[in-house]
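Below, each chain spelled out in residue letters.
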Amino acid sequence: MNRNIIIIGEHHEGTISPGTLELLDFSRALGSPFPEIILLGSDIFSLAENLAERTGCAVTLINGEHLNLYSAELYQKALLEVLRPRDERTLCIAFSHTSLGFDLAPALAHALQAPCISSVEDIEESSFVRSIFGGKLQSVVTPQNGPVVLTVLPGAFSPDRTPPEKSGHMRIVDVSVAPVSMIPQGERASEYRDSGLHDADVIVSAGRGIGKKENLSLISALASLFPRSALGASRAVCDLGWMEYRHQIGTTGQTVSPKLYIACGISGAIQHTSGMKNAQTIIAINSDPNAAIFSVSHYAIVEDLLSFIPVLMEEYTHPPG
Amino acid sequence: MKILVCIKQVCDSSETLVHDTDPPWVRPSPATVFRMNRFDEFALEEALLIGERFPGTEIHALSVGPSRVCTTIRKALEMGASHGIHLCIEKELYLSGEDTASIIAGYARDKGYDLILTGIMSEDTMHCQVGQYLGALLVLPCITSVISEEISPDDARVVVEREIESGRRQAFLVKMPVVLTIQSGINRPRYPSLSNVLRARSQDLETCEAEHLGSPAFRQKIAAIRYPDAGKKGTFIQGDSRQKARELLSILHEKSLLSWR
């Protein structure tokens, strides 16, 4: 029996999200290069058509007047109108592990009586690999037989795709779902912008490992060695009030790709690394040799920051011989 | 108002854990130190702040796990929760988000909570699922990644903001009862006060055997636990700290990122 893989696509401001294209690569790795893509929205016909052309995949557009704003309630109801009759043939329903994906996947899995496995990074036969304990360990998870609902970690698969020979089919399903218990009140932009992160060639970032706020002076000193540099931070550092949220890099902060990224005392949870792993050169300094940040770094230095940065500054100012 | 806060006990460092193979999972060693999941600290603090705004609010702190988790429930009482609930599973076993939520839902179903709060995810299993499953199982709306909430107690309406990518925010209007999963940074979790520490000392916890609360579906199992592939790691710069500093400076110099010498 031909088993389906269904991808739940996302779009933002008229553009298909990169995570959706990564899901195509994920599907290919599962053995299905042309999965069905479901898009939800209100009057986004050309976006859906364009997606079918670009990918060669069948695209189902669930169209409804209230689907322009996301809510778990609306999107779940709309998806179930399309998904429920086809459970048996469905192998896997995949979301990106985004604020939409992780919000919706468990409730949808519950409705379909399917297991839900989140932040999947890799596939091994019929099992899924995901990080646990802040990336220090990995678990290989095997779902029961039947359909499984997954969220796939952004960045774990490639968004690149060779153009298809022919366009995929597009169909439109009109739904008339309306908000009942959860009324969307709109969206607003971040309060935290403009910290120079996007213009910087070099970003020096602080994590919880700096120990206390006062030690930020060391991070600033290190950054001052580079002409076009800016200070970044992990979410934990902002939560502790040591730096403002406008410096936060990661899933709920800013995504950056400078020439050089120096991660100081950052453990390297995926919420942070998803925002910086495309930097050209990544250097991580951490006293823990098993820190997850080292797995995305080009150069790893196992040292205590508080003693290492002063030595580094000294060597810079007074080079040997 | 009656608030349930679901908290998880996590280990401070996964390096002290022992890896089992049958079934594959981890269990604590004598060196393992436990604490409250950080995201749940924010959820508890948010409940306490709501309690301060609406006097008479009951705040129940609940945790699922072996008897070791009682220390974390006590910590919640010390921070100011009014009642502690232990849903006991004696074995160290892997629970999916759905499994944990089905045990909690079995307890919470008929208790009349107006708000159920929990952290957005746990630091150990990192599922990011329990709140959403609780909503599904109890047929309540659930909003995840909550960064602010405003409650009008008269008509039970709550305006909730959730944080999404790039710090953007989505707002929703919901009616209690509702499940909220709390994003970190929404508040500053407090330290226990002496009076609460003393009160917590003499307070009994409510204990329920998890097996009496409905059986988890166990729709997934762990096939293996392992360390991430070391081959993916970059170059570890070797030597003493001075040698490492020089090596790093020369790499930066070669890459034209810094002029040195």
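Rules used in this analysis
Residues numbered from 1 in each chain as written. Chains lettered and ligands numbered in written order. Predicted model: local features only at pLDDT ≥ 70, side-chain atom pairs only at ≥ 80, totals over all residues. Heavy atoms only, no water. Salt bridge = Lys/Arg side-chain N within 4 Å of Asp/Glu carboxyl O. Buried < 20%, exposed > 50% of the residue type's maximum accessible area, 1.4 Å probe, protein only. Pairing = 2+ DSSP bridges. Helix = DSSP H or I, 4+ residues; strand = E, 2+ residues; numbered from the N terminus. Axes fitted to C-alpha atoms, helices over the stretch in contact; angles between N-to-C directions. Contact = heavy atoms within 4.5 Å. Buried area = accessible area lost by both parts, 1.4 Å probe. Polar contact = N/O pair within 3.5 Å; in protein donor to acceptor, adjacent residues only side chain to side chain. Nonpolar A, V, L, I, M, F, W, Y, C, P; charged D, E, K, R; others polar.

Chemist: Hey, could you run me through the pattern of salt bridges in this one?
Modeler: Pairs can form between side chains of opposite charge once their charged atoms are near each other. Residue and element names in this part refer to chain A. All chains considered together, the criterion is met by 30 salt bridges over all chains. Two residues, Arg246 and Glu244, come together in a salt bridge whose shortest N-O distance is 3.1 Å. We classify Glu244 as partly exposed; its relative accessible area is 48%.

Chemist: What is the right way to look at the sheet that holds strand β8 (residues 127-132) of chain A in this model?
Modeler: Read from one edge of the open sheet, 10 strands run β11(A)-β5(A)-β4(A)-β1(A)-β6(A)-β10(A)-β7(A)-β8(A)-β9(A)-β14(B), paired in mixed fashion. Whereas interior strands pair on both sides, the edge strands pair on one side only; in this sheet they are β11 (170-174) of chain A together with β14 (220-226) of chain B. Sheet twist, expressed as the average angle between the axes of neighbouring strands with direction ignored, equals 35°. Judged from the 3 bridges that link them, strand β1 (residues 4-8) of chain A and strand β4 (residues 36-41) of chain A form a sheet pairing that is parallel. Looking across to β4(A), one finds that Ile6(A) is bridged to Glu36(A). Sitting on the sheet, helix α4 (residues 101-111) of chain A touches β6 (90-96), β7 (116-124) and β10 (148-152) of chain A, and the angle it makes with β6(A) is about 155°.

Chemist: Any chance you could explain the interface of chain A and chain B here in plain terms?
Modeler: How big an interface is tends to be stated in terms of accessible area lost as the parts join. At the junction of the two partners, chain A supplies 87 residues and chain B supplies 79 residues. At the boundary of chain A with chain B, total buried surface from both sides reaches about 7,400 Å², with 55% on carbon and sulfur atoms. On the chain A side of the contact with chain B, Phe133(A), Gln138(A) and Tyr299(A) bury the most area, a combined 9% of that side's loss. For the interface between chain A and chain B, the tally reads 10 salt bridges. A salt bridge links Arg168(B) to Glu187(A), with the shortest nitrogen-to-oxygen separation between them at 2.3 Å. Our enumeration of links across chain A and chain B arrives at 41 residue pairs in polar contact (both at pLDDT 80 or more). Looking at side-chain class alone, the side of chain A that touches chain B contains 41 nonpolar, 30 polar and 16 charged residues. Pairing geometry for strand β12 (residues 182-188) of chain A and strand β11 (residues 169-175) of chain B, over 6 bridges, is antiparallel. Opposite Pro184(A), over in β11(B), you have Phe172(B) as the bridge partner.

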